[in-house]
Amino acid sequence: MPAQGKHRRPKSTSLGRGLAALTTGGAVLALPVIGATSAFAAAAPQAVAPAAVVAQANSAAKAAPAKHSVVAGETLSKIAREHSVSGGWEKLYEGNRKIVGSNPDLIHPGIKLVIGAKSAASSDGKSSKASPSAARGASADRADRSERIDAAPVAKAAPAAEKAAVTYTNDLDGWIKESLAVMAEQGIPGTYEGIHRNIMRESSGNPAAINNWDSNAVKGTPSKGLLQVIDPTFQAYHVPGTSTDSYDPVANITAACNYAADRYGSIDNVFGAY
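A short tour of the structure in this document, coming up. Here the structure is a predicted model, which is why all the values come from computation and not from measurement. (Residues numbered from 1 in each chain as written. Predicted model: local features only at pLDDT ≥ 70, side-chain atom pairs only at ≥ 80, totals over all residues. Heavy atoms only, no water.)

## Quick word on the overall build of the protein chain
Next up, step 1: The secondary structure content of the protein chain amounts to 13 helices and four strands.
Next up, step 2: Considering the protein chain as a whole, with its 274 residues, one finds that 25% of them fall into the buried category.
Next up, step 3: Nonlocal contacts in the protein chain, meaning residues at least 24 apart in sequence, comprise 49% of its contacts between residues at least 6 apart.
Next up, step 4: For the protein chain, the exposed surface amounts to about 18,300 Å²; the carbon and sulfur share of it is 59%. (Helix = DSSP H or I, 4+ residues; strand = E, 2+ residues; numbered from the N terminus. Buried < 20%, exposed > 50% of the residue type's maximum accessible area, 1.4 Å probe, protein only. Contact = heavy atoms within 4.5 Å. Areas by Shrake-Rupley, 256 points an atom, 1.4 Å probe, with all protein chains shown as cover.)

Rendered as structure tokens:
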């Protein structure tokens, strides 16, 4: 009967039930194709996020400084090349100046260098501010290196001080030893024994001895001093730095030895009148 049909409750269709399922959590099953595509697109950022995190982690790992233990024969240049340090050995040195010290050419086996360490100056050219404790440590390190550098010349100067302190006795032994020192500086050969032997034969050790009777004396050029040298010979073979007085013991010995070296090869080769 038609009249009764108007008051009947419409029967729910399958689409209506599908949409009803949407309100109860069944969105993925009931949505049309276009709706499902939008839902998938909305979920995409959640899938990308982990990849970005991994990339950031990898970048952080690459940026982290590495350690290098120096072995014998290595140089900063070689280490910088092996680790592909941007900026070369200079950059590597700047980052490890406190470890290496003031001389970049001197690195000791066993020290550990930081590869990728930041230098004291920032990338924009401005110096970074160090903490008070770091500043005190750097000052102490500079002071320690300064003390080591200042101490080096003192050690080198020690031999000179010892040389200046050498004194010679004013006798035949002292004259011969002082003459040998001068001869060594001038490259004149001769030994203590050779000098002493000829002195004892020529003058018996008397620095004021003079020969007034031989042919030289007749010519007006008598032999004088410890090794009996005539004035022309003394002047020709005088050793710079010694006295110009032919009677001076050291001057007389060094001039005579210089002459003997020129004529006989050494005073050691003289065994008679010369």
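So that's the structure; there's more coming.
## Topic: the side chain of N211
Next up, step 1: In this fold, N211 is placed in strand β3 (residues 210–211).
Next up, step 2: Here the side chain of N211 touches W213 through a polar contact of 3.0 Å, landing on its backbone nitrogen.
Next up, step 3: A polar contact is formed between the side chain of N211 and the backbone nitrogen of D214, at a distance of 3.1 Å. (Polar contact = N/O pair within 3.5 Å; in protein donor to acceptor, adjacent residues only side chain to side chain.)

## Here we look at the pattern of salt bridges
Next up, step 1: Counted under the stated rule, the structure contains five salt bridges.
Next up, step 2: With its nearest N and O atoms 2.8 Å apart, the salt bridge here joins E202 to R201.
Next up, step 3: Owing to a relative accessible area of 34%, R201 belongs among the partly exposed residues under this scheme. (Salt bridge = Lys/Arg side-chain N within 4 Å of Asp/Glu carboxyl O.)

## Regarding the packing of aromatic side chains
Next up, step 1: Evaluated as defined, the whole model comprises two aromatic pairs.
Next up, step 2: Both rings, one in Y237 and one in Y259, keep their centres 5.4 Å apart while their planes meet at 70 degrees; by these two values the pair is edge-to-face. One end of the pair, Y237, is in the loop between α12 (231–236) and α13 (249–264); the other, Y259, is in helix α13, and 22 residues separate them in sequence.
Next up, step 3: For the ring pair Y259 and Y274, a centre distance of 6.0 Å and an interplane angle of 35 degrees mean the geometry is tilted. (Phe/Tyr/Trp six-rings, centres within 6.5 Å; stacked < 30°, edge-to-face > 60°.)

## Focus: the nonpolar core
Next up, step 1: Within the largest apolar cluster, 24 residues are counted, with the highest numbers of intra-cluster contacts made by I195, I199, L227, I253, C257 and Y274.
Next up, step 2: When residues of this core are traced back to their parent elements, those giving at least two are α9 (172–186), α10 (192–202) and α13.
Next up, step 3: A total of eight residues in this core trace back to one element, the largest contributor, which is α13.
Next up, step 4: Once residues within four sequence positions are removed from consideration, I253 is found in contact with W175, I176, S179, I195, I199, L226 and L227.
Next up, step 5: Core analysis: the next-biggest nonpolar cluster, separate from the first, contains eleven residues, V85, L92, V100 and I115 among them. (Core = buried A, V, L, I, M, F, W, Y, C linked by side-chain atoms within 4.5 Å.)

Shape descriptors only; they carry no functional weight alone.
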